[in-house]
Amino acid sequence: MPLAFETLKRGIIAFGFFNIDVDMILLDHYFLFADFCKLVSDFAQAPQAADYYSAQFEAYVIEKADAIGDLMGAIHGVNYHGFIGEVYRQFPFPTRPEEFKQRPDDHKNRPIVEAIIQAYATKKTLPFLFESRDSRITIGDYQFSMGVFGKLIRYIWNGGAPGWKNNERPLYITNMMKNILQSNLSFFKDL
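Below or above, wherever it landed, is the structure these notes cover. (Residues numbered from 1 in each chain as written. Predicted model: local features only at pLDDT ≥ 70, side-chain atom pairs only at ≥ 80, totals over all residues. Heavy atoms only, no water.)

Brief notes about the overall build of the protein
Okay, step 1: Each helix and strand counted, the protein has eight helices and eight strands in total.
Okay, step 2: Taking 191 residues into account, the globule formula puts the C-alpha radius of gyration at 16 Å, and the protein, at 16 Å, falls close to it.
Okay, step 3: Counting only C-alpha atoms and orienting by the principal axes, one finds that the protein spans roughly 50 × 35 × 25 Å.
Okay, step 4: When each of the 191 residues of the protein is scored for burial, the buried share is 52%.
Okay, step 5: In the protein, the proportion of contacts linking residues at least 24 apart, taken out of those at least 6 apart, comes to 64%. (Helix = DSSP H or I, 4+ residues; strand = E, 2+ residues; numbered from the N terminus. Rg over C-alpha atoms; globule rule 2.2 N^0.38 Å. Buried < 20%, exposed > 50% of the residue type's maximum accessible area, 1.4 Å probe, protein only. Contact = heavy atoms within 4.5 Å.)

A look at the pattern of salt bridges
Okay, step 1: Under the definition given, this model contains 15 salt bridges.
Okay, step 2: Between D35 and R110 there is a salt bridge whose closest N-O contact spans 3.1 Å. One end of the pair, D35, is in the loop between β4 (30-33) and α1 (36-44); the other, R110, is in helix α5 (residues 110-117), with 75 residues separating them in the sequence.
Okay, step 3: Between K124 and E63 there is a salt bridge, with the nearest N and O atoms lying 3.4 Å from each other. Here K124, found in strand β6 (residues 122-131), pairs with E63, found in the loop between β5 (52-61) and α2 (65-68); they are 61 residues apart in sequence, far enough to count as distant.
Okay, step 4: Owing to a relative accessible area of 34%, K124 belongs among the partly exposed residues under this scheme.
Okay, step 5: Through salt bridges with shared partners, one network takes in E131, R133, D134 and R136. (Salt bridge = Lys/Arg side-chain N within 4 Å of Asp/Glu carboxyl O.)

Points about the layout of surface pockets
Over the atoms rolls a probe the size of a water molecule, and its path tells where empty space is left.
Okay, step 1: Counted as a void, the largest pocket has a volume near 210 Å³.
Okay, step 2: Lining the largest pocket are 14 residues; nearest its centre among them are F33, D35, F57, E58 and A59.
Okay, step 3: Top contributing element to the lining of the largest pocket by residue count: β5, with five residues.
Okay, step 4: A per-class count over the lining of the largest pocket returns eight nonpolar, one polar and five charged. (1 Å grid on protein atoms, 1.4 Å probe; cavity = no way out; pocket = protein on both sides within 12 Å on 5 of 7 lines; lining within 4 Å. Points joined across faces, edges and corners; volume = space filled by probe spheres on them. Nonpolar A, V, L, I, M, F, W, Y, C, P; charged D, E, K, R; others polar.)

So, the packing of α1 against helix α6 (residues 146-158)
Okay, step 1: Where α1 meets α6, the closest approach of the two axes is 12 Å, and the angle between their N-to-C directions is 125 degrees. It follows that α1 is oblique to α6 by the angle criterion. The hand of the α1/α6 crossing is left-handed. Along its contact with α1, which presents F36, C37, V40 and F43, the element α6 presents F149, I153 and I156. (Axes fitted to C-alpha atoms, helices over the stretch in contact; angles between N-to-C directions. Parallel < 35°, antiparallel > 145°, perpendicular 65-115°, else oblique. Left-handed = near helix turned anticlockwise from the far one by under 90°.)

Right under this line is the structure:
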């Protein structure tokens, strides 16, 4: 379940896993596969003296809110329009609340989700920037304070709002955290 996070210039936006069977992360109107964790891993391995870090990543961008869909309507099985609706039609919300946990094998459904999103989104290359003098991270059009960026990482580590099923994390998460723990950047020491 995505949660609300504060950006520096665009107010509060939604960020997070939006379906427990999918390794895709929603960042407002960007949809990123969990390859985002590799991006964070690479950043964590930057040299200690890095005052500036720049990378690019691919994301699916949905410009029209209606094409995104209605998360709560899809969860409750009453509104399956848009991309999120199509995903929930394929991977419905569990009938038993105790089954509402992010699946550690969520990446196995990537080909299905990638086929669905292509009807709704444009694939774009976006910037990922770290600027130490301004203490901010830029992800596409969104800027975050270092503190909020740390919250985004903790959210992913925890498996979102429901948490990981059986507290078991996928390899893309454990690799990210391993690189964070081995990082020489002072930012990651406070995480």
